[in-house]
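Examination of the molecular architecture
These are the residues of each chain, in order.
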Amino acid sequence: MENTTCNMPGLGEKAPEFEAETTQGHIRFPQDFKGKWIILFSHPGDFTPVCTSEFMLFGKMQEEFDALGCQLLGLSVGALTSHIAWLRSIREKIEYKGIRNLDIRFPLIADLTMDVARRYGMIQPGASTTAAVRTVFFIDPHGIVRTFLCYPAVLGRNFDELKRILVGLQTIDAYNVALPADWHPGDDVIAPSGSTMEAIDRRTGNPDEGARCYDWYFCTKPLSEEKVTAGTKH
Ligand code: BEZ
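The sections below set out a description of the structure shown in this document. (Residues numbered from 1 in each chain as written. Predicted model: local features only at pLDDT ≥ 70, side-chain atom pairs only at ≥ 80, totals over all residues. Heavy atoms only, no water.)

**What about the overall build of the protein?**
Scanning the protein for helices and strands turns up seven helices and ten strands. Counting only C-alpha atoms, the protein reaches 65 × 40 × 30 Å along its principal axes. Across the 234 residues in the protein, those meeting the buried criterion constitute 45%. Across the protein, the fraction of contacts at a sequence separation of at least 24, relative to all contacts at a separation of at least 6, is 69%. Counting only carbon and sulfur atoms, one obtains 51% of the accessible surface of the protein, whose full area is about 12,100 Å². Computed over 24 positive and 30 negative side-chain charges, the inter-centroid distance for the protein is 3 Å. (Helix = DSSP H or I, 4+ residues; strand = E, 2+ residues; numbered from the N terminus. Buried < 20%, exposed > 50% of the residue type's maximum accessible area, 1.4 Å probe, protein only. Contact = heavy atoms within 4.5 Å. Areas by Shrake-Rupley, 256 points an atom, 1.4 Å probe, with all protein chains shown as cover. Lys, Arg positive; Asp, Glu negative; His and termini not counted. Charge placed at Lys NZ, Arg CZ, Asp CG, Glu CD.)

**Thoughts on the nonpolar core**
In terms of nonpolar packing, the biggest core is built from 35 residues, with Ile-39, Phe-55, Phe-65, Phe-138 and Leu-162 touching the most fellow members. Breaking this core down by element, the ones donating at least two residues are strand 3 (37-42), helix 1 (49-60), strand 4 (70-76), helix 3 (80-93), strand 6 (134-139), strand 7 (145-151) and helix 5 (159-175). Here this core spans two domains, and each of domain 1 (18-156) and domain 2 (176-232) adds at least three residues to it. In this structure, Ile-38, Leu-73, Leu-75 and Ile-139 belong to the second largest nonpolar core, which totals 22 residues. (Core = buried A, V, L, I, M, F, W, Y, C linked by side-chain atoms within 4.5 Å. Domains from an automatic or database assignment.)

**Overview of the pairing of strand 9 (residues 212-215)**
Pairing of strand 9 with strand 10 (residues 218-221) involves three bridges; the strand directions are antiparallel. Of the residues in strand 10, the one forming a bridge with Arg-212 is Thr-220. Counted between consecutive antiparallel strands, the loop separating strand 9 from strand 10 contains two residues. (Pairing = 2+ DSSP bridges.)

**Structural notes on a negative patch on the surface**
Among the surface-exposed residues, Asp-182, Asp-187, Asp-188, Glu-225 and Glu-226 lie close enough to one another that they form a single negatively charged patch. Within the secondary structure layout, Glu-226 lies in helix 7 (residues 225-231). (Patch = residues over 30% accessible without salt bridge, like charges linked within 9 Å, V, L, I, M, F, W, Y side chains within 5 Å. Salt bridge = Lys/Arg side-chain N within 4 Å of Asp/Glu carboxyl O.)

**Focus on the state of the cysteines**
For the structure on display, the rule yields one disulfide. Here Cys-213 connects covalently by a disulfide to Cys-219, the sulfurs 1.9 Å from one another. Across the S-S bond linking Cys-213 and Cys-219, the dihedral sits near 95°, which makes this disulfide right-handed. Assessed through its relative accessible area of 28%, Cys-213 is described here as partly exposed. The cysteine Cys-51 is free of any disulfide, with Cys-150 supplying the nearest cysteine sulfur at 13 Å. Cys-150 provides the cysteine sulfur closest to Cys-70, a residue in no disulfide bond, and the two sulfurs are 19 Å apart. (Disulfide = S-S within 2.5 Å.)

**Quick look at the packing of helix 1 against helix 3**
Relative orientation of the contacting elements helix 1 and helix 3 amounts to 65°, with a least axis distance of 11 Å. Put simply, helix 1 runs roughly perpendicular to helix 3. Here helix 1 and helix 3 pass one another in a crossing that is right-handed. On helix 3, the residues touching Cys-51, Thr-52, Phe-55 and Met-56 of helix 1 are Trp-86, Leu-87 and Ile-90. Partitioned by chemical class, the residues of the contact of helix 1 with helix 3 number six nonpolar, one polar and no charged. (Axes fitted to C-alpha atoms, helices over the stretch in contact; angles between N-to-C directions. Parallel < 35°, antiparallel > 145°, perpendicular 65-115°, else oblique. Left-handed = near helix turned anticlockwise from the far one by under 90°. Nonpolar A, V, L, I, M, F, W, Y, C, P; charged D, E, K, R; others polar.)

**Quick look at the sheet that holds strand 8 (residues 189-190)**
Taken in spatial order, the three strands line up as 8-10-9 in an open sheet, and their pairing is antiparallel. Each edge of the sheet is formed by a strand with only one pairing partner; in this case those strands are strand 8 and strand 9. Where strand 8 and strand 10 come together, two bridges link them in antiparallel fashion. Among the inter-strand pairings, Val-189 is bridged to a residue of strand 10, identified as Lys-221.

**A closer look at the layout of surface pockets**
A probe as big as a water molecule, rolled over the atoms, marks out the empty space that is left. Estimated volume of the largest pocket: approximately 290 Å³. Around the largest pocket, the lining comprises 14 residues; the ones closest to its centre are Leu-68, Lys-163, Val-167, Thr-229 and Thr-232. At the level of secondary structure, the elements contributing two or more residues to the lining of the largest pocket comprise helix 5 and helix 7. Considering every element that reaches the lining of the largest pocket, the biggest residue donor is helix 5, with four residues. Grouping the amino acids of the lining of the largest pocket by side-chain chemistry returns five nonpolar, four polar and five charged. Counted as a void, the second largest pocket has a volume near 180 Å³. What lines the second largest pocket is a set of 14 residues, among which Pro-30, Gln-31, Lys-34, Pro-141 and Gly-143 lie closest to the centre. The residue makeup of the lining of the second largest pocket, split by class, is six nonpolar, four polar and four charged. (1 Å grid on protein atoms, 1.4 Å probe; cavity = no way out; pocket = protein on both sides within 12 Å on 5 of 7 lines; lining within 4 Å. Points joined across faces, edges and corners; volume = space filled by probe spheres on them.)

Below is the structure:
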């Protein structure tokens, strides 16, 4: 089998640089997106149903991602002319879940050579040697990979989870906390590792209002939704 695979950049590593043609013109990554969070995602192909349903939701949420200082960047192994025709068909013909006349404003990379897809491990030969699987890379404003996800072609992504991951990463950075299972804005957060109730008391002279320790190694404290919103403001 032709060796089409390549390592995925790991968590904490620099996201590989690239230049590419997109539906919004030529881009240089990451220089063109300085200071922004990036969600770089791949999908298998244009004019396919799961991908279309995903683009309807990415398009619907583009303002929410903008407000979080996050640039969406799509990629598939396909020609620019095909990408443009597909996005036009979505805008002119598709009404899905009440979404219609959708103008996709974020760039969709035409990665015909699979050069970018290979560098990001988006080609998984066990699934396909000619199409990208559904990956999502969350890249911070310093160009560091902070989370990645990988789904098969037949399973569409969960967009509440994509937003939750972005807000979660921004909250972790803003408040130096960790986030427990199923965290949503407004839920209690986990004090930095090594923080016990005693440490919290020693540092502040008072127990953090509402702080709670389940045992010596597991303490939480409140973080209001307003604070989360303030920490994710861009
Ligand atoms: C889809 O988007 O529906 C799809 C694409 C490639 C393979 C299978 C499904």
